[in-house]
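For reference, the chains in residue letters:
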Amino acid sequence: MKKNINGKTKIIGVIGKNIENSLSPLFHNQIILKYSLNFCYLPFQVAETDLSKAIQGIKALNIRGVNITFPYKEKAIKFLDEVEESARRIGAVNTIVNNKGILTGYNTDVIGFKKSLQENGKFIIKKKKAVILGAGGAARAVVYALLEEEIEEICIFNRTLEKAKIIKQNLSSFFPKSRISVFPLEEEDLKDKIEKAHLLVNTTSLGMPPRVDNTPLPDEKLFHPDLLVYDLIYHPVRTLFLRQAEKARAKIINGLPMLVYQGIESFHLWTGLKPEGKEVLKMIKRIT
Ligand code: NAP
């Protein structure tokens with residue numbers, strides 16, 4: 001990929017702990033090339049102890065903005081000057097915009113998740129039942145998106161039950177009619193809830209490199225053909241979780257469409273331009 005960098009080039013990028021496999025740099029730089037913009041998107045691998053300094057560095061280096069990825073979406077909030085209302089309710093940001101030294105946090109994962117479910121899963125959220133595995137930063141956005149579209153019931157399963165309880169407590173106050181229940185990540189309750197669910201989403205990091213043989217479900221018999229099974233992970237393209245779901249004849253989606261749709265919203269916040277989602281998804285599938 002040939003880029004012309006000069007004194008006027010605006011820098012955007014992604015801050016994360018483990019971003020060697022992130023597709024965001026490739027994806028954003030392709031869009032930048034397509035629109036002939038004088039921008040450049042860079043990966044910033046940041047240790048947790050340096051997160052505060054890295055975010056302050058956005059101002060110091062006059063960086064236009066960044067994505068925030070695993071595992072800093074919740075932790076980044078306290079270092080920002082302003083947080084957009086829905087991101088504040090969610091309690092997690094995946095995008096920072098630097099406007100003349102004021103850092104504002106946004107959460108574009110919500111729209112990314114919704115659009116991918118609608119466009120790629122052909123899934124209507126209203127009145128459905130969902131099981132969510134995980135209660136980290138991404139889970140918060142997923143639960144918020146489902147509540148906004150009036151899902152009937154959400155069951156959150158997480159290794160650390162306390163984190164699932166906090167999501168329930170925070171989001172129930174904004175959606176008083178919501179039905180959210182929380183459980184530890186154990187087989188007995190999973191079986192009952194997955195049997196009745198239409199949608200099963202893995203928002204845990206289990207299945208990401210280097211432990212690609214991990215999966216959040218204790219038994220593959222829990223999948224069934226009436227489920228839409230969604231894994232937020234996109235590298236590998238088919239996690240063990242998705243391979244097992246496919247074997248059980250469930251419909252599957254990986255994290256690539258969400259990455260594209262949330263990325264387009266972030267790109268719009270930094271540049272004012274909004275590329276067409278389906279076209280970008282096609283391009284990314286072609287080059288990866
Ligand atoms: P996070 O805030 O660090 O949350 C990680 C989640 O994984 C927590 O629920 C954690 O449980 C669980 N987990 C980690 N190790 C576990 C283990 N050994 N056993 C059981 N549970 C475990 O991360 P995040 O930002 O939510 O991201 C989660 C995943 O979503 C990552 O793979 C990320 O790449 C992906 N993601 C993809 C997109 C996309 O656009 N496709 C967008 C956002 C995120 P505890 O609470 O018990 O620690």
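Up top is the structure these notes are about.
Residues numbered from 1 in each chain as written. Predicted model: local features only at pLDDT ≥ 70, side-chain atom pairs only at ≥ 80, totals over all residues. Heavy atoms only, no water.

Time to look at the overall build of the protein chain. Scanning the protein chain from terminus to terminus reveals 10 helices and 12 strands. Overall size of the protein chain, expressed as C-alpha extent along the three principal axes, is 60 × 40 × 35 Å. Evaluated residue by residue, the protein chain yields a buried proportion of 51% over its 288 residues. Sequence-distant contacts in the protein chain: of pairs separated by 6 or more residues, those separated by 24 or more amount to 70%. Surface summary for the protein chain: the accessible area is close to 13,800 Å², and the carbon and sulfur share equals 50%. Seen as two clouds, the 44 positive and the 31 negative side-chain charges of the protein chain have centres 6 Å apart. (Helix = DSSP H or I, 4+ residues; strand = E, 2+ residues; numbered from the N terminus. Buried < 20%, exposed > 50% of the residue type's maximum accessible area, 1.4 Å probe, protein only. Contact = heavy atoms within 4.5 Å. Areas by Shrake-Rupley, 256 points an atom, 1.4 Å probe, with all protein chains shown as cover. Lys, Arg positive; Asp, Glu negative; His and termini not counted. Charge placed at Lys NZ, Arg CZ, Asp CG, Glu CD.)

Taken together, 26 residues lie near the ligand, and A138, N158, T160, L232 and G255 sit nearest. Within the contact set of the ligand, an oxygen atom lies 2.9 Å away from a side-chain nitrogen or oxygen of K163. Within the backbone of L259, an N or O atom sits 3.3 Å from an oxygen atom of the ligand. In isolation the ligand has 930 Å² of accessible area, and contact with the protein removes 87% of it. Every element with two or more residues in the shell around the ligand is listed here: helix 5 (137-148) and helix 9 (256-271). Element by element, the count of residues in the shell around the ligand is highest for helix 9, at 3 residues. Among the residues forming the shell around the ligand, the class breakdown is 11 nonpolar, 10 polar and 5 charged. (Near = heavy atom within 4 Å. Polar contact = N/O pair within 3.5 Å; in protein donor to acceptor, adjacent residues only side chain to side chain. Nonpolar A, V, L, I, M, F, W, Y, C, P; charged D, E, K, R; others polar.)

Moving on, we come to the sheet that holds strand 8 (residues 153-158). Read across the open sheet, the 6 strands follow the order 9-8-7-10-11-12; overall the sheet is parallel. One side of each edge strand has no neighbouring strand; the edge strands of this open sheet are strand 9 (180-184) and strand 12 (251-253). Averaged over all neighbouring strand pairs, the angle between strand axes comes to 15°, with direction disregarded. In terms of strand pairing, strand 7 (residues 129-133) meets strand 8 through 5 bridges, oriented parallel. Paired with K129 across the bridge in strand 8 is E153. Packed on one face of the sheet, helix 4 (residues 109-119) meets strand 10 (199-202), strand 11 (228-231) and strand 12 and runs near 145° to strand 11. (Pairing = 2+ DSSP bridges. Axes fitted to C-alpha atoms, helices over the stretch in contact; angles between N-to-C directions.)

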